[in-house]
There are 2 protein chains.
Amino acid sequence: MLESLENSPLYRIATPRSIALFGASNNILSMGTPILISLKAMGFDGAVYPVHPEEEHVQGLKAYRSVLDLPEVPDLAILILPARIVPHILDECGKKGIKHAIVVSGGFKELGGEGVTLEKELREIAAAHNIRFLGPNCIGVTNPYHKLNTTLLQYLGNPGFIGMASQSGSFVTQMFHYLANFGLGFSTAFSVGNEANLDIVDCMEYLAVCPHTRVIALYIEGIKRGRAFVETAKAIVTRKPIVALYVGGSDTGRRAGLSHTGALAGPDPLYDAMFRQAGIIRARSITELFDFCWVLGALPLPRGKKVVIQTHSGGPGTEAADFCGRAGLELPSLSAETINKISPFMPKTSSVHNPVDFTFTKNLLDYFSSIPSLLLEEKNADMLLIYLLMPMETVKSALEHLGIPEDQADEKTGELLDEQSQSIAKALKTHNKPLVGYTYRSTQEDFIRSLMERGVPVFPSTERAVRALEALVMYSEIRGRITDNTEHGFSTGRGAS
Amino acid sequence: MLESLENSPLYRIATPRSIALFGASNNILSMGTPILISLKAMGFDGAVYPVHPEEEHVQGLKAYRSVLDLPEVPDLAILILPARIVPHILDECGKKGIKHAIVVSGGFKELGGEGVTLEKELREIAAAHNIRFLGPNCIGVTNPYHKLNTTLLQYLGNPGFIGMASQSGSFVTQMFHYLANFGLGFSTAFSVGNEANLDIVDCMEYLAVCPHTRVIALYIEGIKRGRAFVETAKAIVTRKPIVALYVGGSDTGRRAGLSHTGALAGPDPLYDAMFRQAGIIRARSITELFDFCWVLGALPLPRGKKVVIQTHSGGPGTEAADFCGRAGLELPSLSAETINKISPFMPKTSSVHNPVDFTFTKNLLDYFSSIPSLLLEEKNADMLLIYLLMPMETVKSALEHLGIPEDQADEKTGELLDEQSQSIAKALKTHNKPLVGYTYRSTQEDFIRSLMERGVPVFPSTERAVRALEALVMYSEIRGRITDNTEHGFSTGRGAS
């Protein structure tokens, strides 16, 4: 385990003070240009030196004919150039004294043949100059806290708590928008490409000590340093959870990965064993990878695997109950104490079984304030799962029928929904237990967005919500916090690593 | 199999000409009132007769003291009343000569005890008067083609092609919004509740002959008439696909269902066997239920299980390849013919393996027009899966850098994206092969929405897109269209019934 960020070979790659940029021009269609645009859009405040054989200025910045002409030795070189000339340029960077690089260019080992030779050459040049580099065939780094984004796409949303190391650049850049939709963001994300020099293990070590990173996401097509990977992860998970998506376990996935980054994959059971040994939680998909990161970064850990489901609709309650059962989660009966406390809120048609099905609420406001608080107090349960349906148009229509004029109904509806969202967020903060919502409404509706922005994870699917709770339980077990194992010991239904 | 809709006992429940409504009032908080509001909002154009013991008018309609006072015998009675008085009112309806009813009220078998007795009484009264009814403990019917919606929530979006029979009312009403987000809608949806008289099998028979229904969705907590269910489904699936979500297979799901609708569930293997025998495709979640219905209703059937993946990003391509492998789908190599035809579009860094990874496109427009068409022509493949990333802001920024003024860039971007969406939709129509998209952008963005509205299913997750293709293959096999079984015969990885 690193003692500090500064000791990581990635330190000046993720937090450079100055950058030499090769491959940007005034032509928007050359791949380097959008990278310079992203860098500027993010507001990077160090010096950026475009190096270009002909241009005097590139995107408004003074350009240099050669790296050797730069007025200082930049912390980092970013190369977006045809593969054939990359070794020569990296050599010049070394001569200038540059010690860190990102090689974005593709056309190396992943293409086979001559590409393999070129990659070997690159490694030798780096070794000769003591250069540590990411790539080739990667898109580099996004560190929104440092206003750094070396990728093709512009960063969106706020800096967040998810640290990522990915063998796909797309799963960094194309997640900016995706994560922002849930109010999430990266702390720092690395695209490692072909891992000719720095690899995913180096990134994990960096993220382990990164103060903004609460949870580490890995996208894996194949691991090279298996032993180091396991040992590093084992040390990290005592402090931070790690979630991994591994796609090389099927024959088709293995072949696709080989042609993508030249990764050598192994069969699923091998990786399952490795993840289990390392204490890494395996996700089945990109969706799950970030769902798991969300709850692991945002919520307290549960002490056990007992869930209370709060619903006002039988179907969504039953679907959740079924998923909980399949995931190895338990639905305890409510204690007599809780039943006493919630009974004033229960209409005649309701059920105090678990799922607690209110069928409807006498007072809509209770559903989001008094009730969740009382259910979070339940001593028999470790987590609360709430079905959230709050159709803006229904609330508005109800208000109008109560005589509130249409022009005021909009505003009043907004206020009402905002109060509800505040209540739920407050219940989560007050009680030290995980609370997760699920809904089939769009997660982009005001009510759901405001919940997410207040730190309450809400999933647009029952299965995703339950699987996320399962991930919390898995990590609790990894951290040794679950001691009340039942007769079968702890086991989850599917996909547990 | 019914010969026509008119022969179904549900005919005048789904297409009534006139309705007697019990339980609506001028108080928005009484449950019958929003039902009357939904009915009016949908534009139902038959007569509606509110029956109310005191009010002269209900929601602007003339009210009647008793059903016996109505000026005609309505086709349908809808009862939203306290359970205790329901038998008496149903008896009065019988005396009036009404032959069809929807009993929305809860408080019957699902509560046990006295509720069981009340439900028995209800059945006896119906039998005495030859009344066929849906419920109790249901929300009735939505038939947007008939402008009928007897549920609590207002129908949203257009009439569609999904016919549904559901043991949860929420999975009818709370899906209006969900389906509309994908440009989908119900043809007719039935909430069957406790199934004291009409049941899910009756609904299936109706939907089988409903001309607007292209695919049937079932939400099941427990089946009563097992043999009839299997025989009916067997007959239907030769014409229309049936997809079912069954949630009673786990212990927690079984118990939740019992307290929801009093359903008696059985273990998963029993239902799996029943579904397999019946030719029903089993979905794992509500999300999957409607994903499967979407592609089964919108796309032609594949002749085999070979998929071509088109991507410009390695990670999403590899993730899709992995899911295809796990789903038992195959990724054939491209034929020399196709490779020749697409090679002019392939940049140097690209891969003509499958996934066909363009890494980037020389001309963005090709990615959505020439390329999908050429890949759909591939004789070795049965389906096309396209990764769709078309960030509006990137296109706009590129246009601006090409010198198009900012105020024109918005419009130009919109035009460009619309052309792309048209190209893809055209490729789907021209070639008789399924084409499905997937993306991690919001499916509510203009580009994706316009694809969905043009009949191209686009999923916000790789797994969901691949599982949807798997459902197409399953139904092709059920219809006996796949004859080229490989050495292992046809088998899908998970979840196949």
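For the structure itself, look to the data block above.
Remember, predicted model here, so these are calculated numbers, not experimental data.

J.: Could you give me a rundown of the relation of the copies chain B and chain A, with the residues and numbers involved?
T.: Expressed as a screw transformation, the operator carrying chain B onto chain A has a rotation angle of 180° and an axial translation of 0.0 Å, and the superposed copies differ by an RMSD of 0.0 Å. Taken together, these values place the two copies in the relation of a two-fold axis. Looking at the rotation axis and the C-alpha trace of chain B, the residue lying nearest is Gln444(B), at 4.7 Å. An overlap of 100% is found between the interface residues of chain B and their copies at the interface of chain A, pointing to a shared contact surface.

J.: Mind laying out the pairing of strand 12 (residues 215–220) of chain B, listing which residues take part and the relevant values?
T.: Residues and elements named next belong to chain B. With six of its six residues buried, strand 12 lies for the most part within the structure. Of the two faces of strand 12, the one holding Val215, Ala217 and Tyr219 and the one holding Ile216, Leu218 and Ile220 are both buried throughout. Two elements, strand 10 (residues 162–166) and strand 12, share five bridges in a ladder whose sense is parallel. Its bridge partner lying in strand 12, isoleucine 162 is registered against valine 215. Examined bridge by bridge, strand 12 and strand 13 (residues 242–246) share five bridges and lie parallel to one another. The partner of tyrosine 219 across the bridge, within strand 13, is leucine 245. In this fold, strand 12 hands off to helix 8 (residues 226–236), which returns the chain to strand 13; that crossover is right-handed.

J.: Tell me what's going on with the interface of chain B and chain A, and back it up with residues and numbers.
T.: Each side of the interface is counted separately: chain B has 71 residues, and chain A has 71 residues. Surface buried jointly by chain B and chain A totals about 5,000 Å² across both partners, of which 58% is contributed by carbon and sulfur atoms. Summed over the three residues of chain B that lose the most area to chain A, namely Gln174(B), Thr318(B) and Tyr440(B), the buried surface amounts to 12% of that side. The partner of Arg326(B) in a salt bridge is Asp268(A), and the shortest N-O contact between them spans 2.6 Å. If you look at where chain B meets chain A, you find 25 residue pairs in polar contact (both at pLDDT 80 or more). Those elements that provide at least two residues to the side of chain B that touches chain A are helix 5 (170–173), helix 6 (175–180), strand 13, helix 9 (251–261), helix 11 (286–298), helix 12 (314–326) and helix 16 (392–401) of chain B. In terms of residues, the side of chain B that touches chain A owes the most to one element, helix 12 of chain B, which gives 11 residues.

J.: Can you explain unusual backbone geometry? Please cite residues and give values.
T.: All names here are of chain A. A cis amide bond, omega -5°, links glycine 135 with the succeeding residue proline 136. Cis rather than trans, the peptide bond between asparagine 354 and proline 355 has omega equal to 10°. Locating proline 355 in the fold gives a position in the loop between helix 13 (336–342) and strand 16 (356–357). With a phi close to 55°, asparagine 130 is a non-glycine residue in the positive phi region. With respect to the helices, strands and loops of the structure, asparagine 130 is situated in the loop between helix 4 (114–129) and strand 7 (132–134). Its relative accessible area of 57% is what places asparagine 130 among the exposed residues. Positive phi, normally seen in glycine, also occurs at lysine 147, with a value near 55°.

J.: Quick one: what's the story with the nonpolar core, residue by residue and with numbers?
T.: Judged by nonpolar contacts, the single largest core of 298 residues is most densely connected at Phe229(A) and Phe229(B). Aside from chain neighbours lying at most four places away, what touches Phe229(A) is Ile200(A), Val201(A), Met204(A), Leu218(A), Ile220(A), Ile223(A), Met274(A), Phe275(A) and Ile280(A).

J.: Explain the pattern of salt bridges to me, and be specific about the residues and the numbers.
T.: A full pass over the atoms with the stated rule returns 51 salt bridges over all chains. A salt bridge links Arg255(B) to Asp251(B); its shortest N-O distance comes to 3.3 Å. With Arg255(B) and Asp251(B) both in helix 9 and four residues apart, this pair spans about one turn of that helix. Residue Arg255(B) is classed as partly exposed on the basis of its relative accessible area, which comes to 40%. Several salt bridges share partner residues, and in doing so they unite Asp268(A), Asp272(A), Arg282(A), Asp322(B) and Arg326(B) into one network.

J.: Describe the environment of Gln422(B), listing the residues and the values that go with them.
T.: All names here are of chain B. Locating glutamine 422 in the fold gives a position in helix 17 (residues 406–430). Judged by relative accessible area, glutamine 422 falls into the partly exposed class, the value being 42%. As for glutamine 422 and serine 369, which are separated by 53 residues in sequence, their C-alpha atoms are 8.7 Å apart.

J.: Hey, could you go over the sheet that holds strand 6 (residues 100–103) of chain B for me, with residue numbers and the actual values?
T.: Strand pairs in the sheet, formed through backbone hydrogen bonds, run parallel or antiparallel to each other. Residues and elements named next belong to chain B. Read from one edge to the other, the open sheet built from five strands follows the order 2-1-5-6-7, with strand pairing classed as parallel. Every interior strand has two partners, whereas the edge strands, strand 2 (47–51) and strand 7 (132–134), have only one. For this sheet, the mean inter-axis angle between neighbouring strands, taken without regard to orientation, is 20°. Pairing of strand 6 with strand 7, which is carried by three bridges, proceeds in the parallel orientation. Considered in strand 7, the bridge of isoleucine 102 is made with leucine 134.

J.: So what about the packing of aromatic side chains? Which residues, and what values?
T.: All names here are of chain A. What the rule picks out here adds up to 40 aromatic pairs over all chains. Ring geometry for phenylalanine 176 versus phenylalanine 186: centroids 6.2 Å apart, planes at 80°, classification edge-to-face. In this pair, phenylalanine 176 is assigned in helix 6 (residues 175–180) and phenylalanine 186 in strand 11 (residues 186–191), connecting sequence segments 10 residues apart. By the burial criterion, phenylalanine 176 is buried, and phenylalanine 186 matches it.

J.: Summarise the sheet that holds strand 8 (residues 140–143) of chain A; cite the residues concerned and give the values.
T.: All names here are of chain A. Taken in spatial order, the seven strands line up as 9-8-11-10-12-13-14 in an open sheet, and their pairing is mixed. The open sheet terminates on both sides in strands that have one partner only, identified here as strand 9 (148–149) and strand 14 (281–283). Bridging between strand 13 (residues 242–246) and strand 14 involves three bridges; their strand directions are parallel. Opposite valine 243, over in strand 14, you have isoleucine 281 as the bridge partner. Sheet strands in contact with helix 7 (residues 200–209) are strand 10 (162–166), strand 11, strand 12 (215–220) and strand 13, and its direction is about 170° off that of strand 12.

The rules behind the values
- Residues numbered from 1 in each chain as written.
- Chains lettered and ligands numbered in written order.
- Predicted model: local features only at pLDDT ≥ 70, side-chain atom pairs only at ≥ 80, totals over all residues.
- Heavy atoms only, no water.
- Least-squares fit on C-alpha atoms with pLDDT ≥ 70 in both.
- Contact = heavy atoms within 4.5 Å.
- Buried < 20%, exposed > 50% of the residue type's maximum accessible area, 1.4 Å probe, protein only.
- Helix = DSSP H or I, 4+ residues; strand = E, 2+ residues; numbered from the N terminus.
- Pairing = 2+ DSSP bridges.
- Right-handed = clockwise from strand over helix to strand, strands pointing away.
- Buried area = accessible area lost by both parts, 1.4 Å probe.
- Salt bridge = Lys/Arg side-chain N within 4 Å of Asp/Glu carboxyl O.
- Polar contact = N/O pair within 3.5 Å; in protein donor to acceptor, adjacent residues only side chain to side chain.
- Core = buried A, V, L, I, M, F, W, Y, C linked by side-chain atoms within 4.5 Å.
- Axes fitted to C-alpha atoms, helices over the stretch in contact; angles between N-to-C directions.
- Phe/Tyr/Trp six-rings, centres within 6.5 Å; stacked < 30°, edge-to-face > 60°.

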